[in-house]
Amino acid sequence: MWVELIQEVRVAQMGVQILFGFLLTVVFTPKYDDLADADQVIYIVTVVLGAAATGALIGPVSLHRLVSGRRVKPQAVRWASRLTLVGLVLLLATMTCSLLLILRVATDGGYVPWLVMAMVAWYVACWFAFPLWLRRRHTTR
């Protein structure tokens, strides 16, 4: 289970690190000063969420390195799995805020909240609902 978990984390880590890296550059662009106060708050929240997601998704790697060879693999797998799940929830929040900020800046449409909510529903379906449904349907007792 450990090898599978680390492979899953690698995929999520790459995405969150790229997103976080791009987020960090926004504040240094001339356009940032022109953002409305609400958009600057959304940006700050997004960066903090991205930092938290990065920490949670890198956590299992550090956990593995620090407890390797200590005969605590079952506990390490459980904690790494929890960190990964927390990281995915934080990544969902980061993606939501990022999308909200980008669409608010890119358009004046009143449809932006609806579009963001639709994407959140899509993420929840892909990342949580479908896997949980599949687990429930195909897990033998």
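The preceding data block contains the structure.
A brief structural summary. Fair warning: this is a prediction, and the values are worked out from it, not measured in the lab. The numbering scheme is per chain: residues are counted from 1 as the chain's sequence reads. Only residues with pLDDT of at least 70 get local features here, since the model is predicted, and only at 80 or more are side-chain atom pairs given and counted; chain-wide, interface and lining totals rely on the full set of residues. Excluded from the side-chain calculation are hydrogens and water; included are all heavy atoms of the structure.

1. Some remarks on the nonpolar core
So, step 1. In plain words, nonpolar cores are sets of buried Ala, Val, Leu, Ile, Met, Phe, Trp, Tyr and Cys residues tied together by side-chain atoms within 4.5 Å. Accessibility here uses a 1.4 Å probe with only protein chains present; expressed as a share of the type maximum, an area under 20% marks a residue as buried, one over 50% as exposed, and anything in between as partly exposed. Counting 14 residues, the largest nonpolar core has Val16, Tyr43, Val47 and Leu91 as its most contacted members.
So, step 2. The set of elements that each furnish at least two residues to this core consists of helix H1 (2–26), helix H2 (37–67) and helix H3 (73–106).
So, step 3. Not counting chain neighbours up to four residues away, the residues in contact with valine 47 comprise Phe20, Leu23 and Leu24.
So, step 4. Of all hydrophobic cores here, the second largest spans 7 residues; its members include Trp2, Leu5, Ala76 and Ala80. By the criteria applied, helices consist of DSSP H or I runs no shorter than four residues and strands consist of E runs no shorter than two, each listed in order from the N terminus. In what follows, a contact means two residues having at least one pair of non-hydrogen atoms within 4.5 Å.

2. Re the pattern of salt bridges
So, step 1. A side-chain nitrogen of Lys or Arg and a carboxyl oxygen of Asp or Glu constitute a salt bridge if their distance falls within 4 Å. Across all of its chains, the model carries 1 salt bridge by this definition.
So, step 2. For arginine 104, the salt bridge goes to aspartate 39, with nearest N and O atoms at 2.5 Å. Within this pair, whereas arginine 104 is found in helix H3, its partner aspartate 39 is found in helix H2, the two being separated by 65 residues in sequence.

3. A word on the packing of H3 against helix H4 (residues 112–138)
So, step 1. Fitted lines through C-alpha atoms serve as axes, helices being fitted only where they are in contact, and the angles separating the N-to-C directions of these axes extend from 0 to 180 degrees. At a closest axis distance of 10 Å, the pairing of H3 and H4 adopts a crossing angle of 160 degrees. In terms of orientation, H3 lies roughly antiparallel with respect to H4. Every pair of crossing elements has a handedness; the one defined by H3 and H4 is right-handed. Where H3 abuts H4, its residues Leu85, Leu88, Val89, Leu91, Leu92, Met95, Thr96, Leu99, Leu100, Leu103 and Arg104 lie against Val112, Leu115, Val116, Met119, Val120, Tyr123, Val124, Trp127 and Phe128.
So, step 2. Per-class residue counts for the contact of H3 with H4 are 18 nonpolar, 1 polar and 1 charged. An angle below 35 degrees is treated as roughly parallel, one above 145 as roughly antiparallel, one from 65 to 115 as roughly perpendicular, and anything else as oblique. In a left-handed crossing the near helix is turned counterclockwise from the far helix by less than a right angle, and in a right-handed crossing that turn is clockwise. Nonpolar residues are Ala, Val, Leu, Ile, Met, Phe, Trp, Tyr, Cys and Pro. Charged residues are Asp, Glu, Lys and Arg, and all others, Gly as well, are polar.

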